[in-house]
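One-letter residues, chain by chain:
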Amino acid sequence: QAAMKISFGMIVHNGEPFIKYQLESLYPHAHQIIVVEGAVEKFRHASTPDGHSLDKTAEIIKSFPDPEGKITLIQREGFWSEKTEMSNAYMEVCTGDYIWQVDVDEFYKNEDIKKVVEILSGNQNIVRVDFKTINFWKGFRAVMRGASYIYGADEFIRIYRFKPGYRYSTHRPPTVVDEKGKEVRGRILSAGELSGAFGIFMYHYSYVFSNNVKSKSAYY
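Residues numbered from 1 in each chain as written. Predicted model: local features only at pLDDT ≥ 70, side-chain atom pairs only at ≥ 80, totals over all residues. Heavy atoms only, no water.

Quick word on the pairing of strand β7 (residues 155–161)
Among the seven residues of β7, five are classified as buried, and the element is accordingly described as predominantly covered. The pairing of strand β4 (residues 98–101) with β7 spans three bridges and is antiparallel. Along β7, the bridge assignment pairs W100 with I159. Of the strand pairs in this sheet, strand β6 (residues 126–137) and β7 are connected by five bridges, and their pairing is antiparallel. When the sheet's bridge partners are listed, K132 is paired in β7 with E155. (Buried < 20%, exposed > 50% of the residue type's maximum accessible area, 1.4 Å probe, protein only. Helix = DSSP H or I, 4+ residues; strand = E, 2+ residues; numbered from the N terminus. Pairing = 2+ DSSP bridges.)

Here it is, written out as C-alpha coordinates:
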(Lines give C-alpha, C1' and ligand atoms only; values in the text may rest on other atoms or scores of the structure.)
Protein backbone atom coordinates (compact mmCIF):
# COMPACT_ATOMS: atom_id res chain seq x y z
CA GLN A 1 0.00 0.00 0.00
CA ALA A 2 1.68 3.21 -1.17
CA ALA A 3 1.64 6.04 1.35
CA MET A 4 -0.68 8.88 0.47
CA LYS A 5 0.93 12.04 -0.88
CA ILE A 6 0.14 14.81 1.61
CA SER A 7 0.23 18.44 0.53
CA PHE A 8 0.29 20.86 3.45
CA GLY A 9 -1.39 24.20 2.73
CA MET A 10 -0.69 27.19 4.97
CA ILE A 11 -1.74 30.81 4.90
CA VAL A 12 0.54 32.92 7.06
CA HIS A 13 0.98 36.52 8.14
CA ASN A 14 3.43 37.62 10.85
CA GLY A 15 4.27 33.96 11.44
CA GLU A 16 7.14 34.38 13.90
CA PRO A 17 8.16 32.71 16.13
CA PHE A 18 6.35 29.62 14.81
CA ILE A 19 7.09 29.45 11.07
CA LYS A 20 10.60 27.93 11.28
CA TYR A 21 9.48 25.20 13.68
CA GLN A 22 6.35 24.52 11.62
CA LEU A 23 8.38 23.93 8.45
CA GLU A 24 10.79 21.69 10.39
CA SER A 25 7.93 19.60 11.77
CA LEU A 26 6.07 19.16 8.45
CA TYR A 27 8.99 18.72 6.05
CA PRO A 28 9.71 14.99 6.61
CA HIS A 29 6.05 14.06 6.02
CA ALA A 30 5.25 16.37 3.12
CA HIS A 31 4.79 15.71 -0.56
CA GLN A 32 4.67 19.52 -0.76
CA ILE A 33 4.33 22.49 1.58
CA ILE A 34 2.55 25.43 -0.04
CA VAL A 35 2.74 28.66 1.95
CA VAL A 36 0.65 31.69 0.99
CA GLU A 37 2.14 34.73 2.74
CA GLY A 38 0.37 38.05 3.09
CA ALA A 39 -2.48 39.92 4.68
CA VAL A 40 -6.20 40.27 4.10
CA GLU A 41 -7.75 43.74 4.02
CA LYS A 42 -8.84 43.47 7.68
CA PHE A 43 -5.19 43.07 8.71
CA ARG A 44 -3.96 46.43 7.35
CA HIS A 45 -3.23 47.52 10.93
CA ALA A 46 -0.51 44.86 11.24
CA SER A 47 0.99 44.84 7.73
CA THR A 48 3.38 46.59 5.42
CA PRO A 49 1.69 49.09 3.03
CA ASP A 50 1.83 46.47 0.24
CA GLY A 51 0.16 43.75 2.33
CA HIS A 52 3.01 41.69 3.78
CA SER A 53 4.21 40.51 7.19
CA LEU A 54 5.96 43.03 9.42
CA ASP A 55 8.32 40.34 10.73
CA LYS A 56 10.79 38.07 8.90
CA THR A 57 8.24 35.38 7.94
CA ALA A 58 8.96 35.58 4.18
CA GLU A 59 12.74 35.60 4.65
CA ILE A 60 12.57 32.55 6.95
CA ILE A 61 10.53 30.62 4.36
CA LYS A 62 12.84 31.62 1.48
CA SER A 63 16.00 30.65 3.40
CA PHE A 64 14.62 27.40 4.84
CA PRO A 65 16.70 24.42 3.62
CA ASP A 66 14.64 22.61 0.98
CA PRO A 67 16.84 19.83 -0.53
CA GLU A 68 13.83 17.95 -1.92
CA GLY A 69 12.13 21.00 -3.47
CA LYS A 70 8.97 20.60 -1.40
CA ILE A 71 8.32 24.23 -0.44
CA THR A 72 6.37 26.70 -2.59
CA LEU A 73 5.94 30.31 -1.42
CA ILE A 74 3.07 32.30 -2.94
CA GLN A 75 2.90 36.08 -2.50
CA ARG A 76 1.22 38.99 -4.25
CA GLU A 77 1.57 42.74 -4.32
CA GLY A 78 -1.27 44.21 -2.28
CA PHE A 79 -3.87 42.71 0.01
CA TRP A 80 -5.93 39.54 -0.38
CA SER A 81 -9.70 39.96 -0.24
CA GLU A 82 -10.27 37.17 2.28
CA LYS A 83 -8.65 34.06 3.74
CA THR A 84 -10.72 31.86 1.38
CA GLU A 85 -8.93 33.49 -1.57
CA MET A 86 -5.57 32.78 0.09
CA SER A 87 -6.52 29.13 0.70
CA ASN A 88 -7.52 28.73 -2.95
CA ALA A 89 -4.13 30.10 -4.01
CA TYR A 90 -2.52 26.96 -2.55
CA MET A 91 -5.27 24.70 -3.92
CA GLU A 92 -4.35 25.85 -7.44
CA VAL A 93 -0.84 24.38 -7.16
CA CYS A 94 -1.70 21.36 -5.00
CA THR A 95 -0.67 17.96 -6.44
CA GLY A 96 -1.15 15.66 -3.43
CA ASP A 97 -3.79 13.01 -2.72
CA TYR A 98 -4.88 15.00 0.34
CA ILE A 99 -4.66 18.66 1.32
CA TRP A 100 -3.85 19.19 5.02
CA GLN A 101 -4.59 22.76 6.08
CA VAL A 102 -2.18 23.95 8.77
CA ASP A 103 -2.18 27.28 10.57
CA VAL A 104 1.28 28.48 11.56
CA ASP A 105 0.47 28.06 15.28
CA GLU A 106 -0.98 24.52 15.00
CA PHE A 107 1.38 21.64 15.71
CA TYR A 108 1.18 17.84 15.65
CA LYS A 109 3.38 15.18 17.19
CA ASN A 110 5.70 13.59 14.66
CA GLU A 111 4.32 10.09 15.31
CA ASP A 112 0.74 11.37 15.01
CA ILE A 113 1.33 12.76 11.51
CA LYS A 114 2.82 9.38 10.53
CA LYS A 115 -0.21 7.59 11.98
CA VAL A 116 -2.69 9.82 10.11
CA VAL A 117 -0.85 9.16 6.81
CA GLU A 118 -0.93 5.42 7.59
CA ILE A 119 -4.69 5.54 8.30
CA LEU A 120 -5.38 7.43 5.05
CA SER A 121 -3.20 5.03 3.07
CA GLY A 122 -5.20 2.07 4.38
CA ASN A 123 -8.67 3.66 4.11
CA GLN A 124 -9.02 5.24 0.70
CA ASN A 125 -12.71 6.04 1.29
CA ILE A 126 -11.86 8.72 3.89
CA VAL A 127 -12.52 12.16 2.38
CA ARG A 128 -12.12 14.34 5.47
CA VAL A 129 -10.28 14.30 8.81
CA ASP A 130 -11.15 16.43 11.84
CA PHE A 131 -8.99 17.03 14.93
CA LYS A 132 -9.68 17.81 18.55
CA THR A 133 -7.47 20.65 19.75
CA ILE A 134 -5.51 21.13 22.93
CA ASN A 135 -5.26 24.91 23.36
CA PHE A 136 -2.35 26.06 25.49
CA TRP A 137 -2.97 29.18 27.58
CA LYS A 138 -0.22 31.73 28.39
CA GLY A 139 2.54 29.10 28.19
CA PHE A 140 2.55 25.32 28.34
CA ARG A 141 1.37 24.69 31.89
CA ALA A 142 -2.31 25.42 31.32
CA VAL A 143 -4.86 24.49 28.66
CA MET A 144 -8.21 26.09 27.89
CA ARG A 145 -11.44 24.50 29.07
CA GLY A 146 -14.99 25.83 29.22
CA ALA A 147 -18.49 25.85 27.79
CA SER A 148 -17.47 26.36 24.17
CA TYR A 149 -15.26 23.26 24.34
CA ILE A 150 -18.12 21.11 25.63
CA TYR A 151 -20.09 22.10 22.50
CA GLY A 152 -17.44 21.19 19.94
CA ALA A 153 -15.59 24.48 19.42
CA ASP A 154 -12.39 22.50 19.96
CA GLU A 155 -12.94 20.43 16.80
CA PHE A 156 -11.27 21.60 13.57
CA ILE A 157 -11.73 20.33 10.01
CA ARG A 158 -8.19 20.06 8.64
CA ILE A 159 -7.71 17.39 5.94
CA TYR A 160 -9.63 16.84 2.69
CA ARG A 161 -9.13 14.40 -0.16
CA PHE A 162 -7.84 16.39 -3.13
CA LYS A 163 -8.44 16.15 -6.86
CA PRO A 164 -7.61 18.74 -9.56
CA GLY A 165 -10.29 21.43 -9.66
CA TYR A 166 -11.15 21.15 -5.96
CA ARG A 167 -11.24 24.44 -4.04
CA TYR A 168 -12.50 25.99 -0.81
CA SER A 169 -15.97 27.52 -0.81
CA THR A 170 -15.32 28.85 2.73
CA HIS A 171 -12.25 29.09 4.97
CA ARG A 172 -14.26 29.04 8.23
CA PRO A 173 -15.33 26.31 8.54
CA PRO A 174 -13.02 24.80 5.92
CA THR A 175 -15.32 23.47 3.19
CA VAL A 176 -13.97 21.95 -0.02
CA VAL A 177 -16.05 21.68 -3.20
CA ASP A 178 -15.34 19.76 -6.40
CA GLU A 179 -14.90 21.18 -9.90
CA LYS A 180 -18.71 21.43 -10.22
CA GLY A 181 -19.02 23.38 -6.96
CA LYS A 182 -20.56 20.47 -5.02
CA GLU A 183 -19.35 19.86 -1.47
CA VAL A 184 -16.96 16.91 -1.23
CA ARG A 185 -18.75 14.28 0.85
CA GLY A 186 -17.96 10.80 2.09
CA ARG A 187 -16.41 9.03 5.07
CA ILE A 188 -15.26 11.50 7.74
CA LEU A 189 -12.65 10.48 10.27
CA SER A 190 -14.10 12.43 13.18
CA ALA A 191 -12.20 14.34 15.86
CA GLY A 192 -13.74 12.07 18.52
CA GLU A 193 -12.64 8.91 16.73
CA LEU A 194 -9.12 10.23 16.12
CA SER A 195 -8.62 11.38 19.72
CA GLY A 196 -10.49 8.45 21.30
CA ALA A 197 -9.14 5.52 19.29
CA PHE A 198 -5.67 6.84 18.47
CA GLY A 199 -4.94 9.58 21.03
CA ILE A 200 -4.20 12.05 18.21
CA PHE A 201 -4.73 15.79 18.81
CA MET A 202 -3.78 19.11 17.31
CA TYR A 203 -1.72 21.25 19.71
CA HIS A 204 -2.75 24.88 19.34
CA TYR A 205 -0.21 27.58 20.29
CA SER A 206 -2.46 30.51 19.39
CA TYR A 207 -2.88 31.74 22.97
CA VAL A 208 0.67 31.15 24.22
CA PHE A 209 1.95 34.71 23.59
CA SER A 210 -0.10 37.74 24.55
CA ASN A 211 0.85 39.74 21.43
CA ASN A 212 -0.59 36.93 19.23
CA VAL A 213 -3.83 37.03 21.22
CA LYS A 214 -4.11 40.83 20.85
CA SER A 215 -3.54 40.61 17.10
CA LYS A 216 -6.11 37.79 16.72
CA SER A 217 -8.66 39.71 18.81
CA ALA A 218 -8.18 42.84 16.68
CA TYR A 219 -8.82 40.80 13.52
CA TYR A 220 -11.93 38.93 14.72
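Structural notes on the environment of E77
Along the polypeptide, E77 turns up in the loop between β3 (71–74) and α3 (83–91). Through-space distance from the C-alpha of E77 to that of W100 is 26 Å; in sequence the pair is 23 residues apart. If sequence neighbours within four positions are ignored, E77 has contacts with D50 and H52. (Contact = heavy atoms within 4.5 Å.)

Side note on helix α1 (residues 19–26)
For α1, the set of buried residues is I19, Q22, L23 and L26. For α1, the arc enclosing every buried residue in end-on projection is 95 degrees, short of the 170-degree limit, so these residues lie on one face. Buried residues along α1 sit in contact with β1 (6–12), β2 (32–37), α2 (57–63), β3, β5 (106–107) and α4 (110–122). (Arc of directions from axis to C-beta.)

Some details on the packing of aromatic side chains
By the definition in use, this model includes 16 aromatic pairs. Geometrically, the ring pair formed by F162 and Y166 is edge-to-face, given 6.2 Å between the ring centres and 65 degrees between the ring planes. F162 sits in the buried class, given a relative accessible area of 7%. By relative accessible area, which is 11% here, Y166 ends up buried. (Phe/Tyr/Trp six-rings, centres within 6.5 Å; stacked < 30°, edge-to-face > 60°.)

Here we look at the pattern of salt bridges
Oppositely charged side chains can form a pair if their charged atoms are brought close together. This structure, assessed with the given rule, holds 13 salt bridges. R76 is paired through a salt bridge with E85; the nearest N and O atoms lie 2.9 Å apart. Judged by its relative accessible area of 27%, E85 falls in the partly exposed class. Salt bridges sharing common partners tie together D103, E106 and R158. (Salt bridge = Lys/Arg side-chain N within 4 Å of Asp/Glu carboxyl O.)

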